[in-house]
Amino acid sequence: MLQFYFFLRLLKDSFRDLIPIILVILFFQLAIIQAVPEGWVNTALGLGIVAIGLAIFLQGLEIGVFPIGESLAKDFAKSGHVIWILIFGFLIGFGTTIAEPALAVIADKAASISSGRIDSNILRLVVALSVGFAILLGVYRIIKGHPIHYYIIIGYILVVGITFFAPKEIIGLAYDLGGVTTSTVTVPLVAALGIGLASSIKERNPVIDGFGLIAFASLTPMIFVQIYGIYVYNFGEVKEVAQVVVQATVSSNATISVNSVLSGILAVIRDVIPILLIILFFQYIVLKKSIEKPKTVFLGFGLVIIGLYTFILGLEMGLFSLGETMAYQLTKGNSVFIIYAFAFAIGFSTTMAEPALMAIAKKAKEISDGKINDFVLRLFVALGVAIGIALGAFRIVDGGHIHYYIIFGYIVVIILTFIAPKYIIPIAYDSGGVTTSTVTVPLVAALGIGLASNIEGRSPLIDGFGLIAFASLFPMITVMLYGVIIEKIGVKSDTQIEKEELLKDALVDADNMDLATVNIDGSKIRHSLLLQFSAVVIIVPEDRRDDAIVAAQKAGASGVTVLDAHGIGLEGMANFYRTSFEAKDVLLLFLLPQHLVNEVIKSIIHSLHITTTGKGVAFAFPLSHMKGISLTKEDIFKEKAYQININEDEELGEKHSV
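Overview of the structure. These numbers were taken from a predicted model, which means no experiment stands behind them.

Reading the values: rules and limits
Residues numbered from 1 in each chain as written. Predicted model: local features only at pLDDT ≥ 70, side-chain atom pairs only at ≥ 80, totals over all residues. Heavy atoms only, no water. Helix = DSSP H or I, 4+ residues; strand = E, 2+ residues; numbered from the N terminus. Buried < 20%, exposed > 50% of the residue type's maximum accessible area, 1.4 Å probe, protein only. Contact = heavy atoms within 4.5 Å. Areas by Shrake-Rupley, 256 points an atom, 1.4 Å probe, with all protein chains shown as cover. Pairing = 2+ DSSP bridges. Axes fitted to C-alpha atoms, helices over the stretch in contact; angles between N-to-C directions.

### Focus: the overall build of the protein
When helices and strands are counted, the protein shows 23 helices and 7 strands. Considering the protein as a whole, with its 658 residues, one finds that 52% of them fall into the buried category. When contacts within the protein are restricted to residue pairs at least 6 apart in sequence, those whose partners lie at least 24 apart make up 84%. Summed over all atoms, the accessible surface of the protein reaches about 30300 Å², with 62% contributed by carbon and sulfur.

Laid out in structure tokens, this is it:
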């Protein structure tokens, strides 16, 4: 029941995040193109399916992928098996990349346009090896505690240096491959691995040291692929010479059938299974430890598979084809500024709906103690992607060389690295890798090919690639600027707010039995405050336990103690020796501030019909000497306001009686 309510909240958030895409499509389709798109019913239905799939996917991450990833990392850190940790990192990077569908598609296209020089299987192997090496190197950095920017700056220097020797046919492809290798499933698991390691190793900070693995995985493919390109274009043989014609085409809406659904689910399972097999091998064979709550973990992976397939199905039901159609139609227009505006808008809206970014942003907020706002972080990342794609579109129209833009962008990133606060730098580097995934890549690729195919003097093979590289670069700049801004305006973490605001009127005398000692927001910091508490006791049948907890949660209760219980009614008391004492009831104990007592009891008795047809008992009694309870800041403020109102009412009553 609790998981169902959690899913409903995720579903609401998913629909909210899709609103920008809908607004962009409606504006450009109706106001600029001035035509109602064909298959708009399919598109609307597809967007609804996208929201449902996104909610299922995120719930699977929360209950399956994140816990197992962090648990593995912590177990490795405790075991001290450094070599096994590095091998695990390499295999996770290699195994998840070699099965990446987007990589397979791009590798096949690269092979077809290179006159046989590039072998698609070898290219995929090169990229997978580079990502495996990246995760291994990133894990090594966390273990050693080295600052991430030294690694990244050296990587940028290598990328730029090799670019001047690489053939022009390979540069755009190499830059783009740096963005498509971090898939929707890989990103959360790799992030959990990094954060789990940094949380378990002494003197490591999960914010500063935990992020950065995704940045490595986006950087190394650009180096490896360019080296591979130098070899094949200088020493490789041309197997077949053919004139390759690339045109901007518009795909049709996906048709749903039993076979297509089964093949789609199997394709997603194929992408997830390597990750699961690697996890099981290291969990049971290397660590020799069973998985905690295996049913929940496997349920989580199952939800990830179902959610990801549903998400992709919704996109294919009309959004991809509509985006490609709009990109093609806009390139036929007379105004290049409309193209730039569309590139900016579609980059922003698709990034806001990117599931991998949502997962990373939630994690960043959690481990930064609320200093980083997940929604604002996503806004800055989306702004970076929008600027990058718009600038990339300008580069295609203008005909400039991509590496000059990329080099200038790297210089800006390096400068900001020494200006931005340390905690934002790894998150900024990772932001470049998580933005080019399931939603963004197809629409961006369609726009690049469409522009390069319809502008005279542009080659779709050389100029059409590169937009993904722009979409990966500029979020790093905007996220670092976000870090600079929150430092300048003095944004505080939750703990800082507690210390500076709440402690102003908090009493620190923990031995004073007239005061309650409270943990605020579950933190380790405790305060002694003059607050009144009551215990609410609910005894209900076991099958109504979840309903009672949900009802209490809706009314504001933040915690509960659940005990097995057995009740004997009036009839049973006459001969209780023959009564079975098997626990069929539960006792729910809520320790609440006084202002919540009435609302919690009302919510439970109405939800379970205790005062009419339902079974159960509810009662409350006042408490004293309360020590060690956890409350939110909001509850404390409400309780103080409640006590002030009570005192004022009592004073007013005394005046009337006089």
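### A word on the sheet that holds strand E5 (residues 585-593)
Taken together, 4 strands build an open sheet; the order of strands is E4-E5-E3-E6 and the sheet is antiparallel. Strand pairing shows two members of the sheet lacking a second neighbour, strand E4 (561-565) and strand E6 (617-623), which therefore form its edges. Going across the sheet, the axis of each strand differs from the next one's by a mean of 20°, ignoring polarity. As paired strands, strand E3 (residues 533-541) and E6 are joined by 7 bridges and run antiparallel to one another. By the bridge assignment, Val536 is partnered in E6 with Ala620. Helix H20 (residues 545-554) contacts E3, E4 and E5 of the sheet and is inclined by roughly 10° relative to E5. Across the face of the sheet, helix H22 (residues 594-608) comes into contact with E3, E5 and E6 while running at roughly 150° to E5.

### Here's the deal with the side chain of Thr220
By the element assignment, Thr220 lies in helix H9 (residues 213-235). According to the relative accessible area criterion, Thr220 is buried, its value standing at 7%. In contact with Thr220, other than residues within four places in its own chain, are Ser130, Val131, Phe133 and Ala134.

### What to know about the side chain of Ser349
Tracing the backbone shows Ser349 in helix H12 (residues 336-352). When near neighbours in sequence (up to four residues on either side) are disregarded, Ser349 contacts Pro20, Ile21 and Val24.

### Describing the environment of Ala51
By the secondary structure assignment, Ala51 is in helix H2 (residues 40-79). Every residue in contact with Ala51, bar those within four places of it in the chain, is listed here: Leu11, Ser14, Phe15 and Leu18.

### Some points on the sheet that holds strand E2 (residues 526-529)
Here we have 3 strands laid out as an open sheet, ordered E2-E1-E7, and mixed in their pairing. At either margin of the open sheet sits one strand with a lone partner, and together these are E2 and strand E7 (627-631). Looking at each pair of strands side by side, their axes are set apart by 40° on average, direction ignored. Taken together, the 4 bridges between strand E1 (residues 516-520) and E7 define a ladder with parallel strand orientation. Of the residues in E7, the one forming a bridge with Ile520 is Leu631.

These figures come from the coordinates and say nothing about function on their own.
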